[in-house]
Amino acid sequence: MFNKKPRRNFRQRKDCSSDDEDQPKKSEEGEENPEKTAPAVVNKPLKAAQSRGITCSSKREATPPKPDSSDGEDGESVEMTEEREERKKDQEGTKKKETSVLSFSDDKEAEESTFKLKKSSEKTVLFQIRKKEAPPAKTIVSTVNIPNAREIEAAKRRRRANRTQKEFIPLSRDGQSSAGSTPDHYSREDEDDRVDDDDNELDDHERRIEFAPRMRSIRERIAEKLGMRGDGSRSGTDGEEQELWEETQIGKGVKRRPGEQRPINITFIHCAFITACCQNMQHTFPPIVHLTPPLCNIFFLPRLDSLKEVYRARQAELRRMEGDVEGAKTSLENLEESSSEKQLKFYRTMTTYAHNMVECLQEKVVEINSLELELHTLLSDQMEALLAQRREKIKEQADHLQQLSCDEVNVGVKTEEDFDMAEDTQPSAEEQEQLQKNIADILLRSKAVFSDVQEDFCSVKKILSRFEEWRECYSESYHNAYISLCLPKLLNPIIRHQLLAWNPLKDTSGDFENLPWFTAVETFCHGHGHEELEHTDRQTLSSVIERTVVPKMTAYVELVWDPMSHQQSVCLTDVCHSLKEDYSVFEGEHSKPVKAFTEALVRRLRSCVDEDVFIPLYPKKFLEEASSPQRHFRDQRFWTAVKLLGNMGKWDLLLPESVLKELMLDKLLNRYLMTTLCSHTLSNNAVYACKKVFEYGLPPSWFKGESTCLPQLHNFRNHIVQKVHAICKQQPPTDPNTRAAVVDLLKVLSTIRCHDSIMAIAEKYHYEDAIYSHQLLNPETAWV
């Protein structure tokens, strides 16, 4: 009816459209570099590209725009989508997917297709059909390209640039605003942002649950009181701000105790910078506050007293630290005077000295051992020759007399001969001269042993002076090094070299205490006479003697000593008693060298008793004849055994008592001597023989503290009692000679604790006055 003009759509450019057009341009500019990863962009699928009629969308299907009004925008969108898909194909090397999406999320999200659900009554059926018709997931063959840090940063910048183009700032987590947002505003970028936020967000177990409000700082509380906003504006009047700041400053200067009320606001406090400080809370220096004198007394005097107390404590600490510094300086000066470098130098010197001395002694000890062995062999050969001669002579004489006894031939000898101790076997003059010549040659060669050695390495005095310096300067390290235990072994070769000429079996060789090494060691251990050293080196001298002198004596006992020799036994026992009394060598637990020495003594004595003691037995008619050679030979061998008994008795208090009683009483006295004593063929020498047996073979120490006779002496006691009765029967008891002989025998019985026998003899023969006059019942004073 009315002529209407055809309706035309005029596209009107709006501000938002210009922004929308600029967005793809910016994205194209950002994607000029194909190496960089483009931000995730979701393109709306074109309806023309849909191959099937089934559509999944959550929006109602809108009326399609007219071709003339949407060709431009759709064309641009299609071109941008195609360009992105081509770039994605180049990067991943895979087939073209249904939707071209570039994202930094997981591969699983990239593989899932993006679709929209269409609200329909048949959406369940349509969704199931769509799900069934969905193509199977394609397997990605090429490797995963992990973007580097620059690509990630560039993508984030592009994402932030896209966000700034929106008309709102997303407040919710999913990036949608409460106003002005519709489902059409949802994009792939928002989904990527949510995924990125989800990745950066802490898990539930990593979150910190706040059960109480966090303590706020003073600045935060002041800002809250002042009503500070995000834009820096303040609420409230300037007067309230001024009062708040004044109250804060006063609270800092006043130290309140628990339970006190806060100080009342003082209105007459004047501050020159209150306004400036309230406007800018970032000042780090406090303003200058002017207080009236009364307020100074109220608020700052307690604080001043506290500061003064702290100051006094700091002053005391400073003085203490200054004292520590002075003490440290003094210690440093002392250490510098006796510095560790000096000590280290001394230790290095001592180490070098000891090393050189040990090397020297290792070479010289071979020569010393050779000379010592040669000397001992020379003396041993001579002693073996003398023993062989003596034994051969005794054997020949015994065989000759035994033949005479068998032939009943009696050859007269000198009569009324009084036998005493037999003489020691001595070498001839020629043998003694040759022996001395050989010994002199050995001693001459021994002088050349240390001729090529400096005195510092061969003189005991020089060597000990080094260790004495160590003991005086660094006593702690000296004792920790156990030098007192090392010195005897270190000095052993030098002392043995000086002991080559010393013979413990002869008194003519001189005393070992006169040798140079003894004087040096004694001075080192006990000082110079006017001083008494307080250290453990007092036992060093005894240790040196046990390590050097005792082994020397052991060698002489095993190779040279003749137990039958009275002279050798006296010299050897005198040396041993001297070592025991002066140096406590044989007291307490014996050391290894002392044990070796005592074992050598026992072996030598036992072999002498078994091999050298010989008392023959002859018919009584030959023994009763005073001039018979059989009796003469028998008496000679008897007195030789008595001499051996006396030599063995000298080892009392040196050897074990049980060993001596076994050798002297069980073997020698009861087996050999008692046979001769009981034969009654010693005529006038019977009393003399009993007295000598007692004097030589019965040490007084055996009877101390004893009240009865020893079991091993019962035979000897019975023989003495029988001899007293025989004397009294032959002559009257009142005869002076008889009385003198009886008193001598009673003294022997008193010493061996035979008091019952003494009383019986005194009562029988009326010798009670002799008992009291000679104190025979007092064993300590019975023998005079």
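Fair warning: this is a prediction, and the values are worked out from it, not measured in the lab.

Student: Explain the environment of Leu541 here, please?
Tutor: You can see Leu541 is positioned in helix 19 (residues 540–559). Not counting the four nearest positions on each side in its chain, Leu541 is found in contact with Phe518, Val521, Glu522, Cys525, His526 and Tyr583.

Student: Hey, could you run me through the packing of aromatic side chains in this one?
Tutor: Per the counting criterion, the structure on display carries 18 aromatic pairs. Geometrically, the ring pair formed by Tyr347 and Tyr474 is tilted, given 5.6 Å between the ring centres and 55 degrees between the ring planes. With Tyr347 in helix 12 (residues 340–407) and Tyr474 in the loop between helix 15 (460–473) and helix 16 (475–480), the pair connects residues that are 127 residues apart, well separated along the chain. Put simply, the rings of Phe346, Tyr347, Phe467, Trp470, Tyr474 and Tyr478 pair up and form one aromatic cluster. When the ring centre of Tyr353 is taken as origin, the NZ or CZ atom of Arg466, which lies over that ring, is 4.2 Å away. Between the NZ or CZ atom of Lys661 and the centre of the ring of Trp702, over which it lies, the distance is 5.7 Å.

Student: Which parts of the structure should I look at to understand unusual backbone geometry?
Tutor: If you check the backbone angles, Tyr482 has positive phi at about 55 degrees while not being a glycine. As for its placement among the helices and strands, Tyr482 is situated in the loop between helix 16 and helix 17 (483–498). Judged by its relative accessible area of 53%, Tyr482 falls in the exposed class. Although it is not a glycine, Leu653 sits at a positive phi angle of roughly 75 degrees. Within the element layout of this structure, Leu653 appears in the loop between helix 23 (629–649) and helix 24 (657–677). Leu653 sits in the exposed class, given a relative accessible area of 52%.

Student: Help me out: how do you make sense of the packing of helix 17 against helix 19 in this one?
Tutor: In a packed pair of helices, the relevant descriptors are the angle between the two axes and the axis-to-axis distance. Closest axis-to-axis distance for the helix 17/helix 19 pair is 9 Å, and the angle between their directions is 45 degrees. By the angle between their directions, the pair helix 17 and helix 19 is classed as oblique. The chirality of how helix 17 crosses helix 19 is right-handed. Within the contact between the two elements, helix 17 uses Ser484, Leu487, Pro488, Lys489, Asn492 and Ile495 and helix 19 uses Thr540, Ser543, Val544, Arg547 and Thr548. Across the contact of helix 17 with helix 19, the residue classes tally to 4 nonpolar, 5 polar and 2 charged.

Student: What am I meant to see in helix 5 (residues 149–164) here?
Tutor: Taking 1.5 Å per residue, 16 residues should reach 22 Å; helix 5 reaches 23 Å between its end C-alpha atoms and fits that length. Those residues of helix 5 that fall on the buried side of the exposure criterion are Glu151, Ala154, Ala155, Arg158, Arg159 and Asn162. For helix 5, the angular spread of buried residues about the axis comes to 140 degrees, placing them on one side. Projecting away from the buried face of helix 5 at angles above 90 degrees are the exposed residues Ala149, Arg150 and Thr164.

Rules used throughout
- Throughout this document, residue positions are counted from 1 along each chain, in the order its sequence is written.
- For a predicted model such as this one, the threshold for reporting local features is a pLDDT of at least 70, and the threshold for listing and counting side-chain atom pairs is 80 or more; totals across whole chains, interfaces and linings nevertheless cover every residue.
- In computing side-chain values, all of the structure's heavy atoms are included and hydrogens and water are not.
- Secondary structure elements follow DSSP: runs of H or I of four or more residues count as helices, runs of E of two or more count as strands, with numbering from the N terminus.
- Residue contacts are counted whenever heavy atoms from the two residues lie within 4.5 Å of one another.
- In this analysis, rings of Phe, Tyr and Trp, with Trp reduced to its six-membered ring, are considered paired at centre separations within 6.5 Å, and the interplanar angle assigns stacked below 30 degrees, edge-to-face beyond 60, and tilted for intermediate values.
- Our definition puts a charge over a ring when NZ of Lys or CZ of Arg is within 6 Å of the ring centre and also within 35 degrees of the ring normal.
- Note on exposure labels: buried denotes an accessible area under 20% of the residue type's maximum, exposed denotes more than 50%, and partly exposed covers the range between, all computed with a 1.4 Å probe on protein chains only.
- Lines are fitted to the C-alpha atoms to define the axes, a helix being fitted only along its stretch in contact, and any angle between axes, read from their N-to-C directions, falls within 0 to 180 degrees.
- Each angle gets one of four labels, with under 35 degrees taken as roughly parallel, over 145 as roughly antiparallel, 65 to 115 as roughly perpendicular, and the rest as oblique.
- Throughout, a crossing is termed right-handed when the near helix is turned clockwise from the far one, and left-handed when it is turned anticlockwise from it by less than a right angle.
- Classes in brief: Ala, Val, Leu, Ile, Met, Phe, Trp, Tyr, Cys and Pro nonpolar; Asp, Glu, Lys and Arg charged; the others, Gly included, polar.
- Here the expected span of a helix is defined as 1.5 Å times the quantity of residues minus one.
- Think of the arc as the fan of directions from the helix axis to the C-beta atoms.

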